[in-house]
Amino acid sequence: MYAFPRVQFTKKALNAEKEKKVTPDFMYCLDMVNETGIMTVPGSGFGQRENEYHYRITNLVSPTEQMKQTLE
């Protein structure tokens, strides 16, 4: 099952990523794998509304309650 959590960035973060010429969600995913080892995919690869950002993560937890707890 895929989850697409939405991420909100400060204007400062958005401007910094713009200078690097990468999307903010890409940098978020890169930082996440470097800091935690968790692999995600930038939402920009799946289409997203302008000025909205998210990432895709695969969730292999079966019971609904465990899934809710994991996503929180």
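Structure: see above.
1. Examining the pattern of salt bridges
Piece 1. For the structure shown, the criterion picks out two salt bridges.
Piece 2. Across the pair Glu52 and Arg6 runs a salt bridge, and its minimum N-O distance is 3.8 Å. Here Glu52 is found in the loop between strand S3 (41–42) and strand S4 (53–58), whereas its partner Arg6 is found in strand S2 (residues 6–7), with 46 residues between them in sequence.
Piece 3. Judged by relative accessible area, which is 53%, Arg6 ranks as exposed.
Piece 4. For Glu52, the salt bridge identified is with Arg49, shortest N-O distance 3.9 Å.
Piece 5. With a relative accessible area of 24%, Glu52 lands in the partly exposed category.
Piece 6. Taken together, the shared-partner salt bridges in this structure form one network comprising Arg6, Arg49 and Glu52.

2. As for helix H2 (residues 24–36)
Piece 1. For H2, built from 13 residues, the straight-helix expectation of 18 Å at 1.5 Å per residue is met to within 8% by its first-to-last C-alpha distance of 18 Å.
Piece 2. If you check which residues of H2 are buried, you get Pro24, Asp25, Met27, Cys29 and Met32.
Piece 3. Here the buried face of H2 lies against helix H1 (11–20), S3 and S4.

3. Re unusual backbone geometry
Piece 1. Not every positive phi belongs to a glycine, and Lys21 is a case in point at roughly 60°.
Piece 2. Mapped onto the elements, Lys21 comes out in the loop between H1 and H2.
Piece 3. Residue Asn51 is not a glycine yet carries a positive backbone phi of 65°.
Piece 4. Tracing the chain through its elements places Asn51 in the loop between S3 and S4.

Calculation criteria
- Residues numbered from 1 in each chain as written.
- Predicted model: local features only at pLDDT ≥ 70, side-chain atom pairs only at ≥ 80, totals over all residues.
- Heavy atoms only, no water.
- Salt bridge = Lys/Arg side-chain N within 4 Å of Asp/Glu carboxyl O.
- Helix = DSSP H or I, 4+ residues; strand = E, 2+ residues; numbered from the N terminus.
- Buried < 20%, exposed > 50% of the residue type's maximum accessible area, 1.4 Å probe, protein only.
- Expected span 1.5 Å × (residues − 1).
- Contact = heavy atoms within 4.5 Å.

Shape is all these values report; function is a separate question.
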